[in-house]
Amino acid sequence: HVKNTGRGGAVMDGLAQARGKFGGFLDIDLEVPAHYIVPMVQLLLDGADVACAFRIYKTHLGLLHRAIFSHGYAMLVRRLLGVDLPDTEAGYKFFRMDAVRPVLSKCADLGWFWDTEVMVRSRLAGLDVRFSPVLFLRNEDKASTVKIFSDSITQFRRLWNFRFELENQGARSRSVVSDAEPLGS
């Protein structure tokens, strides 16, 4: 891109160019190593429509906040949207392209929230979404671009607004709505 289109924009454009049966991506910092591509593709070969990493954090003080925020965010996604997804934010996703193209056409977020949006929309569309555990290894050679406070607020706002988008679109089934917290609680 001549101009940065954001994470979601870049990934969607890349997937739109994919011509194979499968398409996917992993974060360039390789905090989840490339050797996990094989288990992801195997999930697709076994019938999954979407294969995503479920990050396991090697416990040490420098990663504790990351693990807490990741697990906390996953809990919020499950609670607010009523979907059983253990990790929507892992930058390690692979897709059966014929199944996911209709979902991708509905994704609108061009930023980091795209990961949540594509995973939730895939689940609500009835796609077979599977996870494979992966070891997350912090790359100490690069500084994180995450601004914990402001990024968390932005992500929470986007999550809250997405809940209302889905409700207004009527995309949530009875079972999904009944599992989520009522709006007034």
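The structure under discussion appears in the preceding block.
Nothing here was measured: the structure is a model prediction, and the numbers come from that model.

Quick look at the packing of helix α1 (residues 6-17) against helix α4 (residues 97-104)
Contact pair α1 / α4: the axes reach a minimum separation of 11 Å and the direction vectors enclose 135 degrees. As summarised for this structure, α1 and α4 are arranged oblique, according to the angle between their axes. For the pair α1 and α4, the sense of crossing is left-handed. Residues M12, L15 and A16 of α1 touch α4, and the partners they reach there are M97, R101 and L104. Counted by class, the contact of α1 with α4 contains five nonpolar, no polar and one charged residues.

Some words on the sheet that holds strand β1 (residues 22-26)
Strand order in the open sheet made by the four strands is β1-β3-β2-β4, with mixed pairing throughout. Of all strands in the sheet, those bounded by a partner on one side alone are β1 and β4 (129-136). Each strand axis lies, on average, 20 degrees off the axis of its neighbour in the sheet, ignoring direction. In terms of strand pairing, strand β2 (residues 50-57) meets strand β3 (residues 92-96) through three bridges, oriented antiparallel. Residue A51 lies in a different strand from β3, and its bridge partner there is F94.

Some points on the pattern of salt bridges
Evaluated as defined, the whole model comprises 12 salt bridges. The shortest N-O distance in the salt bridge between D109 and R158 comes to 3.1 Å. With D109 in the loop between α4 and α5 (114-124) and R158 in helix α6 (residues 148-169), this pair connects stretches of sequence that are 49 residues apart. Accessibility assignment for this pair places D109 and R158 in one class, buried. One connected set of salt bridges, linked through shared partners, spans D109, E117, R121, R158 and E165.

Cut-off values and rules
- Residues numbered from 1 in each chain as written.
- Predicted model: local features only at pLDDT ≥ 70, side-chain atom pairs only at ≥ 80, totals over all residues.
- Heavy atoms only, no water.
- Axes fitted to C-alpha atoms, helices over the stretch in contact; angles between N-to-C directions.
- Helix = DSSP H or I, 4+ residues; strand = E, 2+ residues; numbered from the N terminus.
- Parallel < 35°, antiparallel > 145°, perpendicular 65-115°, else oblique.
- Left-handed = near helix turned anticlockwise from the far one by under 90°.
- Contact = heavy atoms within 4.5 Å.
- Nonpolar A, V, L, I, M, F, W, Y, C, P; charged D, E, K, R; others polar.
- Pairing = 2+ DSSP bridges.
- Salt bridge = Lys/Arg side-chain N within 4 Å of Asp/Glu carboxyl O.
- Buried < 20%, exposed > 50% of the residue type's maximum accessible area, 1.4 Å probe, protein only.

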